[in-house]
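Architecture and fold: a report
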Amino acid sequence: MQAFAAGDSTLALETAAAVRSASQAVDRLRSHGAGGRGLSAGALDVLARLSTATDQGLSIGELARAAGVSSRNVTGLVDTLERDGLAQRVQDQHDRRSVRATITPAGLDWLDNFRQPTRRAMSAVFQNFTEDELARFRDLCLRMVENQQRIEQYLNAARQNQPPAS
């Protein structure tokens, strides 16, 4: 890392590598909890959001805004969940042009079966962390996400203000 940092401090690079490794470890444990069903983190997020929605479900746009991703991305995730019988598209009762996604009984069962092994895995991976450490770690990670979102907004705005390439 020292060579890559060109003499500057490597602490930020080392921290980024540690966060990436920790994220991969959590994802590996999460996938064990999925019991071989192969749901991506994004599909799991959509399924969890649908599980707390009203009977009318959520629109693709609402899911996209809540997850901070594109509607196109969410459409693909809903396609996957629908194919697996975990979610379904239903007609919006107030707008015939709009479709909403709802969780199916099989989706609720899947989440119930996923919940307990995931709790055990997360308890194990965060073993020997105090409540204060966990809260601090959560807050630091959320600050990283906020920084990333701010940087992305800045980069997107800068791209929009650039003249087209010739």
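This is a predicted model, so every value here is computed, not measured.

Comments concerning the overall build of the chain
Each helix and strand in the chain was counted, giving seven helices and three strands. Listed N to C, the secondary structure of the chain is α-α-α-β-α-α-β-β-α-α in terms of helices and strands. Residues counted as buried form 22% of the 166 residues belonging to the chain. Element-wise, carbon and sulfur atoms account for 52% of the exposed surface of the chain, whose accessible area totals about 11,900 Å².

Examining a nonpolar patch on the surface
Where nonpolar side chains cluster on the molecular surface, the patch consists of I151, Y154 and L155 and spans about 330 Å² of accessible area. Looking at where Y154 falls in the secondary structure, it is placed in helix α7 (residues 131-161).

Topic: the packing of aromatic side chains
On inspection of all chains with the given rule, the structure shows three aromatic pairs. Summarising the aromatic geometry, the rings of F126 and F129 are spaced 5.5 Å apart at their centres and angled 85° between planes, so their arrangement reads as edge-to-face. Using a relative accessible area of 24% as the deciding quantity, one classes F126 as partly exposed.

Some points on the nonpolar core
By size, the foremost hydrophobic cluster in this structure holds 20 residues, and its most contacted members are L47, L81 and W110. Top element by residues in this core is helix α3 (residues 41-51). It accounts for five residues. Each residue touching L47, except ones within four places of it in the same chain, is listed here: L39, L81, L86, I103, G107, W110 and L111.

A few points about the pattern of salt bridges
Tallying each qualifying case throughout the model produces nine salt bridges. Residues E82 and R89 are paired through a salt bridge, measuring 2.4 Å at the closest nitrogen-oxygen approach. Judged by relative accessible area, R89 falls into the partly exposed class, the value being 29%. D95 is the partner of R97 in a salt bridge, and the nearest nitrogen-oxygen pair spans 3.2 Å. Assessed through its relative accessible area of 24%, D95 is described here as partly exposed.

Some details on the packing of α3 against helix α6 (residues 105-125)
Packing of α3 against α6 brings their axes to within 10 Å, and their N-to-C directions diverge by 110°. As summarised for this structure, α3 and α6 are arranged roughly perpendicular, according to the angle between their axes. Between α3 and α6 the crossing geometry is left-handed. Contacts between α3 and α6 pair L44, L47, A48 and S51 from the former with G107, L108, W110, L111 and F114 from the latter.

Some words on the packing of α3 against helix α4 (residues 60-67)
As a packed pair, α3 and α4 sit with axes 11 Å apart at the nearest point and diverge in direction by 115°. With respect to the hand of their crossing, α3 and α4 are arranged in right-handed fashion. Side by side, α3 and α4 meet where D45, V46, R49 and L50 of the first sit next to L63, A66 and A67 of the second. Along the lines of polarity and charge, the residues of the contact of α3 with α4 split into five nonpolar, no polar and two charged.

Thresholds, definitions, all that
- Residues numbered from 1 in each chain as written.
- Predicted model: local features only at pLDDT ≥ 70, side-chain atom pairs only at ≥ 80, totals over all residues.
- Heavy atoms only, no water.
- Helix = DSSP H or I, 4+ residues; strand = E, 2+ residues; numbered from the N terminus.
- Buried < 20%, exposed > 50% of the residue type's maximum accessible area, 1.4 Å probe, protein only.
- Areas by Shrake-Rupley, 256 points an atom, 1.4 Å probe, with all protein chains shown as cover.
- Patch = residues over 30% accessible without salt bridge, like charges linked within 9 Å, V, L, I, M, F, W, Y side chains within 5 Å.
- Salt bridge = Lys/Arg side-chain N within 4 Å of Asp/Glu carboxyl O.
- Phe/Tyr/Trp six-rings, centres within 6.5 Å; stacked < 30°, edge-to-face > 60°.
- Core = buried A, V, L, I, M, F, W, Y, C linked by side-chain atoms within 4.5 Å.
- Contact = heavy atoms within 4.5 Å.
- Axes fitted to C-alpha atoms, helices over the stretch in contact; angles between N-to-C directions.
- Parallel < 35°, antiparallel > 145°, perpendicular 65-115°, else oblique.
- Left-handed = near helix turned anticlockwise from the far one by under 90°.
- Nonpolar A, V, L, I, M, F, W, Y, C, P; charged D, E, K, R; others polar.

Keep in mind these numbers describe shape, not what the thing actually does.
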